[in-house]
Amino acid sequence: MAEATPALPGSRPARRRLLLAAAVTGLAAADLLVKALAEDVLAAGAVRLPGLQLRLLYNDGVAFSFARSLPAWAIIALTGLLTVGLTGYVLAVVPQANRLRCIAGAAVVAGAAANLIDRARDGVVTDYLHTGWFPTFNLADVYLTAGVGLMILAEWHQARKHQRTRATAGT
């Protein structure tokens, strides 16, 4: 989020941060609820759906089971620091961010927070979505991936807009 865009008309920084907090809370709660349901429903075994299998797995590492040899407390501490850092960054840029960046920020923070809360319970993250060609993941992982994708899209859109503005001003 290199260059700030003007705040949305009629929006105040405190209100925008409150909306962000509400979105993060709702998204994280939805993920944690789905994880609890997955643990109950999938304890008896996997469920096959078209193009997707629901199966219960626990990830004791970080993304793609990376760093699984580290102690749980170290992974919790590291992901906690990253989540706090992401949250601070998003809260700082929200007052000047456009809607796409706000949505992206909410998704990234919600995904990170939900996985952190899940891991803090017992040292593992509950995964349940399996495609057969990609590691098993969860809804919080979808939030993280979509949020990062939206951030990239927002940056690309802002850069193109800036180029068009410079080209128009130079002619």
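The text that follows walks through the structure, step by step, so that each part is easy to find. This one's a predicted model, so the numbers in the text were calculated from it and none came from an experiment.

Another point: the overall build of the chain. If you tally the helices and strands in the chain, you get four helices and three strands. Each helix and strand of the chain, placed in order from N terminus to C terminus, yields the pattern α-β-β-α-α-β-α. With 171 residues in all, the chain has 35% of them scored as buried. Considering only residue pairs separated by 6 or more positions, the chain has 74% of its internal contacts joining residues 24 or more positions apart. Carbon and sulfur atoms provide 70% of the accessible area of the chain, an area that totals close to 10,100 Å².

Scanning all chains against the criterion turns up five salt bridges. Between Arg121 and Glu39 there is a salt bridge, with the nearest N and O atoms lying 3.6 Å from each other. Note that Arg121 is positioned in helix H3 (residues 99-122) and Glu39 in helix H1 (residues 13-41), a separation of 82 residues in sequence.

With that out of the way, let us pick up the packing of H1 against H3. Interhelical geometry of H1 versus H3 gives an angle of 45 degrees and a closest axis separation of 8 Å. Judged on the interaxial angle alone, H3 and H1 are oblique. Considering how the two elements wind past one another, H1 and H3 form a crossing that is right-handed. Facing Arg16, Leu20, Ala23, Val24, Leu27, Ala28, Asp31, Leu32, Lys35 and Glu39 of H1, the residues of H3 in contact are Cys102, Gly105, Ala106, Ala107, Val109, Ala110, Ala114, Asn115, Ile117, Asp118 and Arg121. Per-class residue counts for the contact of H1 with H3 are 13 nonpolar, two polar and six charged.

What follows concerns the pairing of strand E2 (residues 52-59). In the case of a regular strand, side chains alternate between the two sheet surfaces. Sheet topology note: the strand E1 (residues 47-49)/E2 ladder contains three bridges and is antiparallel. Residue pairing for E2: Leu49 is matched across the bridge by Leu52. Linking two consecutive strands that pair antiparallel, namely E1 and E2, is a turn of two residues; a positive phi of about 80 degrees is found at Gly51 within it. Where E2 meets strand E3 (residues 125-130), five bridges bridge the pair, whose relative direction is antiparallel. Following the sheet pairing, Gln53 is matched in E3 by His130.

This brings us to the sheet that holds E1. Taken in spatial order, the three strands line up as E1-E2-E3 in an open sheet, and their pairing is antiparallel. Each of the sheet's edge strands pairs with one partner strand only, and the pair in question is E1 and E3. Between one strand and the next, the sheet's axes are offset by a mean angle of 30 degrees, whatever the strand orientation. Taken strand by strand, H1 contacts E2 and E3, and its axis lies near 75 degrees from that of E3. Helix-sheet contacts for H3 involve E2 and E3, and the interaxial angle to E3 is about 125 degrees.

What counts and what doesn't
- Residues numbered from 1 in each chain as written.
- Predicted model: local features only at pLDDT ≥ 70, side-chain atom pairs only at ≥ 80, totals over all residues.
- Heavy atoms only, no water.
- Helix = DSSP H or I, 4+ residues; strand = E, 2+ residues; numbered from the N terminus.
- Buried < 20%, exposed > 50% of the residue type's maximum accessible area, 1.4 Å probe, protein only.
- Contact = heavy atoms within 4.5 Å.
- Areas by Shrake-Rupley, 256 points an atom, 1.4 Å probe, with all protein chains shown as cover.
- Salt bridge = Lys/Arg side-chain N within 4 Å of Asp/Glu carboxyl O.
- Axes fitted to C-alpha atoms, helices over the stretch in contact; angles between N-to-C directions.
- Parallel < 35°, antiparallel > 145°, perpendicular 65-115°, else oblique.
- Left-handed = near helix turned anticlockwise from the far one by under 90°.
- Nonpolar A, V, L, I, M, F, W, Y, C, P; charged D, E, K, R; others polar.
- Pairing = 2+ DSSP bridges.

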